[in-house]
There are 2 protein chains.
Amino acid sequence: MPNGNTLHEVLTAVFQVRKIDDNPELCVLLWERALDPERGAWSLPGGVLRDDEDLPTSARRQLTEKVDVREVAHLEQLSVFSDPRRVPGARVIASTFLGLVPLGADPVLPPDTAWHPVSALPRTAFDHGVVVAHARTRLAAKLSYTNIAFALAPAEFAMSTLREIYCAALGYQVDATNLQRVLGRRGVLVATGATAPPGRFGGRPPALYRFAESRLRVTDEFAALRPPS
Amino acid sequence: MPNGNTLHEVLTAVFQVRKIDDNPELCVLLWERALDPERGAWSLPGGVLRDDEDLPTSARRQLTEKVDVREVAHLEQLSVFSDPRRVPGARVIASTFLGLVPLGADPVLPPDTAWHPVSALPRTAFDHGVVVAHARTRLAAKLSYTNIAFALAPAEFAMSTLREIYCAALGYQVDATNLQRVLGRRGVLVATGATAPPGRFGGRPPALYRFAESRLRVTDEFAALRPPS
């Protein structure tokens, strides 16, 4: 029983922390299906893998139809969704990706496409809601042992902004002082030496930081397990 | 250009730390190809996905042909290898898995199958050598921020044995005292209260430990990022 009738598709959960009514919220990019099956439900961007491309190439090609991919600061492969009955009709295996867009970027979107808060998703198509939940879990895990927040943060930011990004991505409150201490000790953050313009309520202008690197790395190996340098 | 002629296969890199000439070595399970293509080269266990099974089911089914899967203490999905030209002929997309077998288990193997040290692989078929390298990198990363070593260790062990497992899996030396301190502080290890039989050179019999859990978890979240309990 080989699988020559099976199609292979790519789906990407693109996340961005966005202000909604002035509250930072983790949002995901979805498009509304105009045709059956699942007309009116919201889908992740993606599509069928072409014969001449590998999966990351396909993910980037398909994203260009929905969003300026130069805004996607990080893209990584997640699980494969391979339940034989995950969609009606011919079998479709879905390789899924996580994409991240920094706070403040505002890419132009096609009319059928919009950002939705992960905490209040509209009706999603097929198993796309499960893919979103899976991608969010991966993001939350990686926030705790890597520098992945570089891809959600603007180039320079006050600690209060970074705290908002972590809170929105994790879905619970974290303390800015602890965050600064931990990320500083791990060499993840660098002070730029500059300060932000004073806030609307006055007060001391906050110091600005940036991420030391804009490539993913594990930041908290066991000290005992670091390779000899 | 849909991809209806594409096959989908599953490949699993099964690792075990084994004593070779009394030296612990990270080994991988391979079988020797009796037919072309790549006759005489060594392959990872796997095969074509069936229409009625998902990927983890397929990986377990295919492993049963090579090894008693009850010995596989951990199985997780790795990347998809999707280069259109990764094998000759019709396109085959490979979903890869990492499997781990505890030290000391000695499953019966079919005649074409053997354990090979990862540091001295024979000629491997297609891109299977790259899959092995990728799986080993994932294992080393997870050793540093999870309890994944539970799946490489016997049920109870002296710290000197656990150190040997870490050294073999990572490919460099680690210190047993540091290892014990870090894993103890993180609640990963539990002392059983028992001691091992005295070694062949006498001396104080070593204390025995076990892993607190035999399911994968991230052990070193940023303290600042732990969810409220």
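Residues numbered from 1 in each chain as written. Chains lettered and ligands numbered in written order. Predicted model: local features only at pLDDT ≥ 70, side-chain atom pairs only at ≥ 80, totals over all residues. Heavy atoms only, no water.

Here's the deal with the sheet that holds strand β10 (residues 207-211) of chain A
Residues and elements named next belong to chain A. Applicable threshold: Strand pairing is assigned whenever DSSP detects at least two bridges linking the two strands. Only DSSP runs of H or I with at least four residues qualify as helices, and only runs of E with at least two residues qualify as strands; both kinds are numbered from the N terminus onward.
Taken together, the three strands give an open sheet; going across it, the order is β8-β10-β9, and neighbouring strands pair in antiparallel fashion. In the strand order of this sheet, the two ends are held by β8 (157-158) and β9 (189-195), each with one partner. Pairing geometry for β9 and β10, over four bridges, is antiparallel. If you follow Val190 over to β10, its bridge partner there is Arg210.

As for the packing of helix α3 (residues 159-170) of chain B against helix α4 (residues 176-185) of chain B
Residues and elements named next belong to chain B. Short version of the rule: Where helices are involved, their axes are fitted lines through C-alpha atoms of the stretch in contact, as for all axes, and angles between N-to-C directions lie from 0 to 180°. In this scheme, roughly parallel covers angles under 35 degrees and roughly antiparallel covers those over 145, while 65 to 115 is roughly perpendicular and the rest are oblique. Throughout, a contact is declared for two residues whenever any of their heavy atoms are within 4.5 Å. Under the scheme applied, nonpolar residues are Ala, Val, Leu, Ile, Met, Phe, Trp, Tyr, Cys and Pro; charged residues are Asp, Glu, Lys and Arg; polar residues are all the others, including Gly.
At a minimum axis separation of 9 Å, α3 and α4 run at an interaxial angle of 95 degrees. On the basis of their axis angle, the class for α3 and α4 is roughly perpendicular. Facing Met159, Leu162, Arg163 and Tyr166 of α3, the residues of α4 in contact are Ala176, Leu179, Gln180 and Leu183. Of the residues belonging to the contact of α3 with α4, the class tally is six nonpolar, one polar and one charged.

Describing the side chain of Glu9(A)
Residues and elements named next belong to chain A. Note the cut-off: We define a polar contact as two N or O atoms separated by no more than 3.5 Å, with the added condition that, inside protein, one atom must be a possible hydrogen donor and the other a possible acceptor, whereas residues neighbouring each other in sequence contribute only through side-chain atom pairs.
Along the chain, Glu9 turns up in strand β1 (residues 7-20). A distance of 3.1 Å separates the side chain of Glu9 from the side chain of Arg86, its partner in a polar contact. Excluding anything up to four places from it in sequence, Glu9 contacts Gly47, Val48, Leu49, Arg86, Val92, Ile93, Ala94 and Ser95.

Observations concerning the layout of surface pockets
The condition is simple: Only protein atoms enter the 1 Å grid, on which a cavity is a set of points fitting a 1.4 Å probe that cannot get out and a pocket is an open set with protein on both sides within 12 Å along at least 5 of 7 lines, lining residues being those with an atom within 4 Å of a point. Grid points are joined across faces, edges and corners, and a volume is the space filled by probe spheres set on the points.
In this structure, the largest pocket spans a volume of roughly 1,000 Å³. Elements that contribute at least two residues to the lining of the largest pocket include exactly β5 (74-81) and α2 (128-145) of chain A together with β5 (74-81) and α2 (128-145) of chain B. For the lining of the largest pocket, a count of residues per class yields ten nonpolar, eleven polar and nine charged.

As for the confidence of the model for chain A
Residue and element names in this part refer to chain A. The following threshold applies: A residue's pLDDT is the confidence the predictor assigns to it, expressed on a 0 to 100 scale.
Mean pLDDT for chain A: 90, with 93% of residues reaching 70 or above. Mean pLDDT values over the elements of chain A span from 87, in helix α4 (residues 176-185), up to 98, in strand β3 (residues 42-43). With a pTM of 0.87, the predicted complex shows an ipTM of 0.81.

Let's talk about unusual backbone geometry
For the bond running from Asp36(A) to Pro37(A), omega is 0 degrees, close enough to zero to count as cis. Among the structural elements, Pro37(A) can be located in the loop between β2 (23-32) and β3. Despite not being glycine, Asp21(B) has its phi angle at roughly 50 degrees, a positive value. If you trace the backbone, Asp21(B) turns up in the loop between β1 (7-20) and β2 (23-32).

Some thoughts on the pattern of salt bridges
Residue and element names in this part refer to chain A. Rules: Any carboxyl oxygen of Asp or Glu within 4 Å of a side-chain nitrogen of Lys or Arg constitutes a salt bridge here. Working definition: with a 1.4 Å probe on protein chains only, accessible area under 20% of the residue-type maximum means buried, over 50% means exposed, and in between means partly exposed.
Going through the model one piece at a time under the given rule, you end up with 26 salt bridges over all chains. For the salt bridge of Arg86 with Glu9, the shortest nitrogen-to-oxygen distance reads 3.1 Å. Within this pair, whereas Arg86 is found in the loop between β5 and β6 (92-101), its partner Glu9 is found in strand β1, the two being separated by 77 residues in sequence. On the basis of relative accessibility, which here comes to 9%, the residue Arg86 falls in the buried class. Note on Glu9: relative accessible area 14%, which makes it buried. The salt bridge involving Arg70 is made with Asp68; its shortest N-O contact spans 2.7 Å. Residue Arg70 is classed as exposed on the basis of its relative accessible area of 73%. Judged by relative accessible area, which is 28%, Asp68 ranks as partly exposed. Salt bridges sharing common partners tie together Glu9, Arg86 and Asp127.

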